[in-house]
Amino acid sequence: MTTSRDGELMIGELAERTGVKVPTIRYYESIGVMPKPGRTGANQRRYGDRAVDTLRFIRHSRDLGFDIQEIRDLLTLAAHPERPCDRADAIARHHLEQVEQRIAIRQSLRGELKRMVKQCAGGRVATCRVIEVLADHAHCQAEHKGDSDR
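Residues numbered from 1 in each chain as written. Predicted model: local features only at pLDDT ≥ 70, side-chain atom pairs only at ≥ 80, totals over all residues. Heavy atoms only, no water.

S.K.: Now, about the pattern of salt bridges: what can you tell me, with residues and values included?
M.R.: Inspection of every chain in the model, using the stated rule, returns five salt bridges. For the salt bridge of E13 with R17, the shortest nitrogen-to-oxygen distance reads 3.2 Å. With E13 and R17 both in helix α1 (residues 11-18) and four residues apart, the pair spans about one turn of that helix. Residue class for E13 comes out buried when judged on its relative accessible area of 9%. The class for R17 is partly exposed, based on a relative accessible area of 40%. In this structure, the salt-bridge partner of R45 is E29, at a minimum N-O distance of 2.8 Å. Here R45 is found in strand β2 (residues 45-46), whereas its partner E29 is found in helix α2 (residues 22-30), with 16 residues between them in sequence. The two residues R45 and E29 agree in class, both being buried. (Salt bridge = Lys/Arg side-chain N within 4 Å of Asp/Glu carboxyl O. Helix = DSSP H or I, 4+ residues; strand = E, 2+ residues; numbered from the N terminus. Buried < 20%, exposed > 50% of the residue type's maximum accessible area, 1.4 Å probe, protein only.)

Here is the structure:
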C-alpha cells in the first residue's frame, strides 16, 4: 500500500490497518463520526495516527454492537479525558441491558425451535409439527407463553 512521504496514510492503507472497508470510512466521514481528513493538492485524503486510533475505536465499538449515536457520544467523551466517566458508564450499561434482552429473546426462540423439532414425528408434511407450528404462530405464542423465563 502506498503511504505519502510525510507519514500520512492514504485511505486504502487506513482501511488495511483498521480492517474497515474504504466505503465505510467514507460513510463515517459523511455522517461526521470520523473527522474529515486533510487533502493533498490532488484532492486525495490523507490520514494520521489519530484517524487510525479513531477508526479502531469505532470498529471495536461496532463489533460490540454499539449504534452510531452511542459511538458518537463515546467519541465525544473520549476527547475530554478529564471529565468523569459516568456518561460512558451509562451508555455501556444501557447497551448491556439491550444485549441481555436480545439474548433472552434468542433463548426463547431456541426453546420453541427445540420443541418443534422434538414434536416432529418424521412422517408426512400433512402431519408435520414444524409446518403446523409455523403456520399458526398465534397458537404457538399462546401455547408457549412465559417460555422466556427458561
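That covers the picture; the talk isn't over yet.
S.K.: For the packing of α1 against α2, give the residues involved together with the corresponding values.
M.R.: Between α1 and α2, whose axes approach to 9 Å, the crossing angle comes to 105°. The pairing of α1 with α2 is recorded here as roughly perpendicular in orientation. Across from I11, G12, L14 and A15 in α1, the residues of α2 making contact are V22, I25 and R26. Of the residues assigned to the contact of α1 with α2, the class counts are five nonpolar, one polar and one charged. (Axes fitted to C-alpha atoms, helices over the stretch in contact; angles between N-to-C directions. Parallel < 35°, antiparallel > 145°, perpendicular 65-115°, else oblique. Contact = heavy atoms within 4.5 Å. Nonpolar A, V, L, I, M, F, W, Y, C, P; charged D, E, K, R; others polar.)

S.K.: Give a description of the nonpolar core that names residues and reports values.
M.R.: Ranked by internal contacts, the top residues of the largest apolar core, which has 21 residues, are L14, I25, Y28, V33, Y47, L55 and I58. Counting only elements with at least two residues in this core, the list comes to α1, α2, α3 (49-63) and α4 (68-78). Broken down by element, the residue count for this core peaks at five residues, all from α4. If we skip the residues at most four places from it in the chain, Y47 touches E8, L9, M10, I11, L14, I25, E29 and P37. (Core = buried A, V, L, I, M, F, W, Y, C linked by side-chain atoms within 4.5 Å.)

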